[in-house]
Amino acid sequence: MKIGELATLAGVAPSAIRYYEASGLLPAARRGANGYRSYPEAALERLRQVRMAQQLGFSLDAIRKVYASGDVLSKDELMRSLDQRLLEIGQLMATMRAQRRQLRTLRSSLIETWANGACL
């Protein structure tokens, strides 16, 4: 399929496909005599995997490393990657909860200060 067809089916811009190809996230497409890229069905599945990984918060560098080896990701490697991402999310959530507490404290302090007629 041509790049426009692949882009439509994958829900990405053609420029994203060219970028993914140039950066190693997507194997290089065959080129026809006319110079147009021609992608196999497997490219659509790869794009879906890349997009899903991005939606789960994996960086393009992390995704690229998975595909760089050319090997199929083992179950253990996949589980380690998922566990690492879960740990990162847990840390982010803890940070966000702490920031929320600090903001609430600041907000309450401002309301009390202003209620007493003082200003900052």
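Residues numbered from 1 in each chain as written. Predicted model: local features only at pLDDT ≥ 70, side-chain atom pairs only at ≥ 80, totals over all residues. Heavy atoms only, no water.

Novice: Can you tell me about the pattern of salt bridges, naming the residues and giving the values?
Specialist: Going through the model one piece at a time under the given rule, you end up with 3 salt bridges. Two residues, R85 and E88, come together in a salt bridge whose shortest N-O distance is 3.0 Å. Of this pair, R85 and E88 both sit in helix α5 (residues 75-115), separated by 3 residues, roughly a single helical turn. Overall, the relative accessible area of 16% leaves R85 in the buried class. Since its relative accessible area comes to 30%, E88 is described here as partly exposed. (Salt bridge = Lys/Arg side-chain N within 4 Å of Asp/Glu carboxyl O. Helix = DSSP H or I, 4+ residues; strand = E, 2+ residues; numbered from the N terminus. Buried < 20%, exposed > 50% of the residue type's maximum accessible area, 1.4 Å probe, protein only.)

Novice: How would you sum up the packing of helix α3 (residues 41-55) against helix α4 (residues 60-68)? Please name residues and give values.
Specialist: The contact between α3 and α4 brings their axes to 10 Å, and the two run at 140°. With respect to α4, the axis of α3 lies oblique. When the axes of α3 and α4 are compared, the crossing they make is right-handed. Between α3 and α4, the contacting residues are R46, Q49, V50, A53 and Q54 on the first element and L60, I63 and Y67 on the second. (Axes fitted to C-alpha atoms, helices over the stretch in contact; angles between N-to-C directions. Parallel < 35°, antiparallel > 145°, perpendicular 65-115°, else oblique. Left-handed = near helix turned anticlockwise from the far one by under 90°. Contact = heavy atoms within 4.5 Å.)

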